[in-house]
Amino acid sequence: MNDYLYFVGRALDGMSGIVAGLGDDLATARPALPGANSPYALLTDCVAVADYWSGTLVAGRAVARDRDAEFTATGPVGPLLAKVRALRDRLAADVRGADLDGPLHVEPPRSFQGPDRPLTRGGALLHVLEELAQHHGQMEILRDALHAGSRA
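So, a few notes on the structure that sits alongside this text. Computed from a prediction, not measured in an experiment: that's the story for all the values here.

### Side note on helix 4 (residues 77-96)
End to end, helix 4 covers 29 Å across 20 residues, agreeing with the expected 28 Å (1.5 Å per residue, within 8%). Val 77, Leu 80, Leu 81, Val 84, Leu 87, Leu 91, Ala 92, Asp 94 and Val 95 are the residues of helix 4 that are buried. All buried residues of helix 4 fall inside an arc of 160° around its axis, so they share one side. Counted as exposed and oriented over 90 degrees from the buried face of helix 4: Arg 85, Asp 89, Ala 93 and Arg 96. Its buried side turned inward, helix 4 meets helix 1 (2-27), helix 2 (39-59) and helix 5 (121-147).

### Focus: the side chain of Arg 65
Inspection of the secondary structure puts Arg 65 in the loop between helix 2 and helix 3 (67-70). Within the local environment of Arg 65, its side chain forms a polar contact with the side chain of Glu 70, the two groups lying 2.8 Å apart. With residues up to four places along the chain from it excluded, the contact list for Arg 65 reads Asp 45, Ala 48, Val 49, Tyr 52, Trp 53, Glu 70 and Phe 112.

### Structural notes on the packing of helix 1 against helix 5
Between helix 1 and helix 5, the shortest axis-to-axis distance is 9 Å and the interhelical angle comes to 30°. Judged by the angle between their axes, helix 1 and helix 5 are roughly parallel. In this structure, helix 1 meets helix 5 at a crossing whose hand is left-handed. In terms of residue class, the contact of helix 1 with helix 5 is made up of 18 nonpolar, four polar and three charged.

### Some words on the pattern of salt bridges
By the definition in use, this model includes seven salt bridges. Between Asp 45 and Arg 65 there is a salt bridge whose closest N-O contact spans 3.1 Å. In this pair, Asp 45 is assigned in helix 2 and Arg 65 in the loop between helix 2 and helix 3, connecting sequence segments 20 residues apart. Residues Asp 45 and Arg 65 agree in their burial class; the two are buried. Here Asp 94 ties to Arg 61 by a salt bridge, and the two come within 2.4 Å at their closest N and O atoms. Highlighted residues: Asp 94 in helix 4 and Arg 61 in the loop between helix 2 and helix 3, separated in sequence by 33 residues. Linked by salt bridges that have partners in common, Asp 51, Arg 61, Arg 90 and Asp 94 make up one network.

### A short note on the packing of helix 2 against helix 5
Helix-helix packing is characterised by the crossing angle of the two axes and by the distance between the axes. Where helix 2 meets helix 5, the closest approach of the two axes is 10 Å, and the angle between their N-to-C directions is 175°. Comparing the axis directions of helix 2 and helix 5 gives the class roughly antiparallel. In this structure, helix 2 contributes Pro 39, Leu 42, Leu 43, Asp 45, Cys 46, Val 49, Ala 50, Trp 53, Ser 54, Leu 57 and Val 58 to the contact, and helix 5 contributes Arg 121, Ala 124, Leu 125, His 127, Val 128, Glu 131, Leu 132, His 135, Gln 138, Met 139, Leu 142 and Leu 146. Among the residues forming the contact of helix 2 with helix 5, the class breakdown is 16 nonpolar, four polar and three charged.

Reading the values: the criteria
- Residues numbered from 1 in each chain as written.
- Predicted model: local features only at pLDDT ≥ 70, side-chain atom pairs only at ≥ 80, totals over all residues.
- Heavy atoms only, no water.
- Helix = DSSP H or I, 4+ residues; strand = E, 2+ residues; numbered from the N terminus.
- Expected span 1.5 Å × (residues − 1).
- Buried < 20%, exposed > 50% of the residue type's maximum accessible area, 1.4 Å probe, protein only.
- Arc of directions from axis to C-beta.
- Contact = heavy atoms within 4.5 Å.
- Polar contact = N/O pair within 3.5 Å; in protein donor to acceptor, adjacent residues only side chain to side chain.
- Axes fitted to C-alpha atoms, helices over the stretch in contact; angles between N-to-C directions.
- Parallel < 35°, antiparallel > 145°, perpendicular 65-115°, else oblique.
- Left-handed = near helix turned anticlockwise from the far one by under 90°.
- Nonpolar A, V, L, I, M, F, W, Y, C, P; charged D, E, K, R; others polar.
- Salt bridge = Lys/Arg side-chain N within 4 Å of Asp/Glu carboxyl O.

Right under this line is the structure:
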């Protein structure tokens, strides 16, 4: 599980570094790309995804989530980075206590766009890694587009 947390941490650190580097104004900007999110909103979504999938589905902890609001989130960078740090602590506890072959505590809503097949708790944790890794790459593109001056 240490390897899993290492790779999840790399993705979270990478996204946190991008948002911190962009600062309060640029982190909440959306580049002029069809359907683009702001880096701030994308990191907000990633915190919610990881917290819900590891907390509710794997650990059985109630985590409320408003997926639509995640993509319109704005605000100062500092509190969002604090949420990432707190998530890492919860995630470590969720992962270390997980019965990886056990069933999910609840089935995720279809609107959360998870895998289209039943998962074990280990599978749900792999989905968290999948989401964080792909969104980290997406955020690198968003950062580059924002630095190139293609803001909308």
